[in-house]
Amino acid sequence: KAGVTQTPRYLIKTRGQQVTLSCSPISGHRSVSWYQQTPGQGLQFLFEYFSETQRNKGNFPGRFSGRQFSNSRSEMNVSTLELGDSALYLCASSFSANFPEAFFGQGTRLTVV
Amino acid sequence: AQKVTQAQTEISVVEKEDVTLDCVYETRDTTYYLFWYKQPPSGELVFLIRRNSFDEQNEISGRYSWNFQKSTSSFNFTITASQVVDSAVYFCALSQVGAQKLVFGQGTRLTINP
């Protein structure tokens, strides 16, 4: 059974640009969550989608957005990139709220220059 | 608000020693989940265990064991006879029941020296 797949693995962007990251969950999983990991702030929750609906959102500015498609694949978008957005972005999938184990992908390393 | 504290930033031990990683949490919820994850250098968070708040039974899986004490809001993780492959950053996390939002501690970097 394939795990959580995140693409791309690495990205370098310039300040002010926008970026889209992709996440394909484990087959059969309908919940996808996104996390940002930085040395200073650690692992922080961005948002969670279930059946194409955003159910939870973390404390991030509106520049961070996401969506989920009918096949459960998810994308997150960051607009007007800032240097501080440089981070490892991790996607996690889980089957449902009653099976809360979240399985993570290898992440996308975003560098903003 | 929920909070997880891992007071040990870094731990370094010699192979075959036992090591315990501490985790203390805060929550107003009466039911919740606790987790431990391992993050090797590759970056992927590897799920190790999930514990329900209503189940205080300790768990052992091979060289790994977990001690959950609701009275002290702690969920500690012990590795017995540590091995070099155990070297990683370990995260403790907390979530509400029904919400797929994990609150992580700051992590403990564990180094096992040969």
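Residues numbered from 1 in each chain as written. Chains lettered and ligands numbered in written order. Predicted model: local features only at pLDDT ≥ 70, side-chain atom pairs only at ≥ 80, totals over all residues. Heavy atoms only, no water.

1. Some details on the overall build of chain B
Part 1 of the argument: Secondary structure summary: chain B contains zero helices and twelve strands in total.
Part 2 of the argument: Counting from the amino terminus, chain B carries its helices and strands in the arrangement β-β-β-β-β-β-β-β-β-β-β-β.
Part 3 of the argument: Against the compact-globule benchmark of 13 Å for 114 residues, chain B has a radius of gyration of 14 Å, which places it among compact chains.
Part 4 of the argument: Along the longest, intermediate and shortest principal axes, the C-alpha atoms of chain B span 45 × 25 × 20 Å.
Part 5 of the argument: For chain B, with 114 residues in total, the buried portion stands at 46%.
Part 6 of the argument: Restricting the contact set of chain B to residue pairs at least 6 apart, pairs at least 24 apart contribute 55%.
Part 7 of the argument: Taking the average location of the 10 positive side-chain charges in chain B and that of its 12 negative ones, the two points are 5 Å from each other. (Helix = DSSP H or I, 4+ residues; strand = E, 2+ residues; numbered from the N terminus. Rg over C-alpha atoms; globule rule 2.2 N^0.38 Å. Buried < 20%, exposed > 50% of the residue type's maximum accessible area, 1.4 Å probe, protein only. Contact = heavy atoms within 4.5 Å. Lys, Arg positive; Asp, Glu negative; His and termini not counted. Charge placed at Lys NZ, Arg CZ, Asp CG, Glu CD.)

2. Comments concerning the pattern of salt bridges
Part 1 of the argument: Tallied over the entire structure, the rule returns nine salt bridges over all chains.
Part 2 of the argument: With a closest N to O distance of 3.3 Å, Glu75(A) and Arg67(A) form a salt bridge.
Part 3 of the argument: Classification of Glu75(A) by relative accessible area gives buried; the value is 16%.
Part 4 of the argument: Accessibility expressed as a relative area gives 47% for Arg67(A), which makes it partly exposed.
Part 5 of the argument: Asp86(B) serves as the salt-bridge partner of Arg63(B), at 2.8 Å between the closest nitrogen and oxygen. Here the residue Arg63(B) occupies a position in the loop between β7 (59-61) and β8 (64-69), and Asp86(B) occupies one in the loop between β9 (74-79) and β10 (88-96), the gap between them amounting to 23 residues.
Part 6 of the argument: According to the relative accessible area criterion, Asp86(B) is buried, its value standing at 1%.
Part 7 of the argument: Here the salt bridges share partners, and the residues they tie into one network are Arg63(A), Glu82(A) and Asp85(A). (Salt bridge = Lys/Arg side-chain N within 4 Å of Asp/Glu carboxyl O.)

3. Quick notes on the interface of chain B and chain A
Part 1 of the argument: On the side of chain A, 26 residues touch chain B, which itself brings 18 residues to the contact.
Part 2 of the argument: Taken together, the links from chain B to chain A amount to one salt bridge.
Part 3 of the argument: Between Glu101(A) and Arg50(B) there is a salt bridge, and its shortest N-O distance comes to 2.8 Å.
Part 4 of the argument: Linking chain B with chain A are six residue pairs in polar contact (both at pLDDT 80 or more).
Part 5 of the argument: Elements that contribute at least two residues to the side of chain B that touches chain A include exactly β5 (32-39) and β6 (46-52) of chain B.
Part 6 of the argument: Examining the composition of the side of chain B that touches chain A, we find that four residues originate from one element, β5(B), more than from any other. (Polar contact = N/O pair within 3.5 Å; in protein donor to acceptor, adjacent residues only side chain to side chain.)

4. Quick notes on the pairing of strand β8 (residues 74-78) of chain A
Residue and element names in this part refer to chain A.
Part 1 of the argument: Counting buried positions over the five residues of β8 gives five, a clear majority of the element.
Part 2 of the argument: Residue alternation in β8 divides its side chains into two sets, Ser74, Met76 and Val78 and Glu75 and Asn77, and both sets are buried.
Part 3 of the argument: With five bridges joining them, strand β3 (residues 19-24) and β8 adopt antiparallel strand pairing. Looking at β8, one finds that Cys23 is bridged to Ser74.
Part 4 of the argument: With five bridges joining them, strand β7 (residues 64-68) and β8 adopt antiparallel strand pairing. Across the sheet, the residue bridging to Gln68 is Ser74, located in β8.
Part 5 of the argument: The hairpin formed by β7 and β8 contains five residues between the paired strands, and Ser72 there has a positive phi angle of roughly 80 degrees. (Pairing = 2+ DSSP bridges.)

5. Points about the side chain of Gln36(A)
Residue and element names in this part refer to chain A.
Part 1 of the argument: When you line up the elements, Gln36 lands in strand β4 (residues 31-38).
Part 2 of the argument: Taking the relative accessible area as the measure of exposure, Gln36 reaches 6% and is therefore buried.
Part 3 of the argument: Looking at Gln36, its side chain comes within polar contact range of the side chain of Tyr89, at 3.0 Å.
Part 4 of the argument: In this view, Gln36 contacts Gly42, Leu43, Gln44, Leu46, Phe60, Phe64, Gly84, Asp85, Ala87, Leu88 and Tyr89; residues no more than four positions away in its chain are not counted.

6. Concerning the layout of surface pockets
Picture a little ball the size of a water molecule; that probe, rolled over the atoms, points out where space is still empty.
Part 1 of the argument: Looking at the largest pocket, its volume works out to about 670 Å³.
Part 2 of the argument: Within the residue set of the lining of the largest pocket, elements represented by two or more residues are β4, β5 (42-50) and β11 (108-112) of chain A together with β10 and β12 (108-113) of chain B.
Part 3 of the argument: Counting residues per element, the lining of the largest pocket draws most heavily on β12(B), at four residues.
Part 4 of the argument: Its residues assigned to classes, the lining of the largest pocket shows ten nonpolar, 15 polar and four charged.
Part 5 of the argument: Space inside the second largest pocket adds up to approximately 400 Å³.
Part 6 of the argument: In this structure, the second largest pocket is lined by 17 residues; those nearest its centre are Leu43(A), Gln44(A), Phe45(A), Val103(B) and Phe104(B).
Part 7 of the argument: If you list the elements that add at least two residues to the lining of the second largest pocket, you get β5 of chain A together with β1 (3-5) and β11 (103-104) of chain B. (1 Å grid on protein atoms, 1.4 Å probe; cavity = no way out; pocket = protein on both sides within 12 Å on 5 of 7 lines; lining within 4 Å. Points joined across faces, edges and corners; volume = space filled by probe spheres on them. Nonpolar A, V, L, I, M, F, W, Y, C, P; charged D, E, K, R; others polar.)

Keep in mind these values describe shape, not function.
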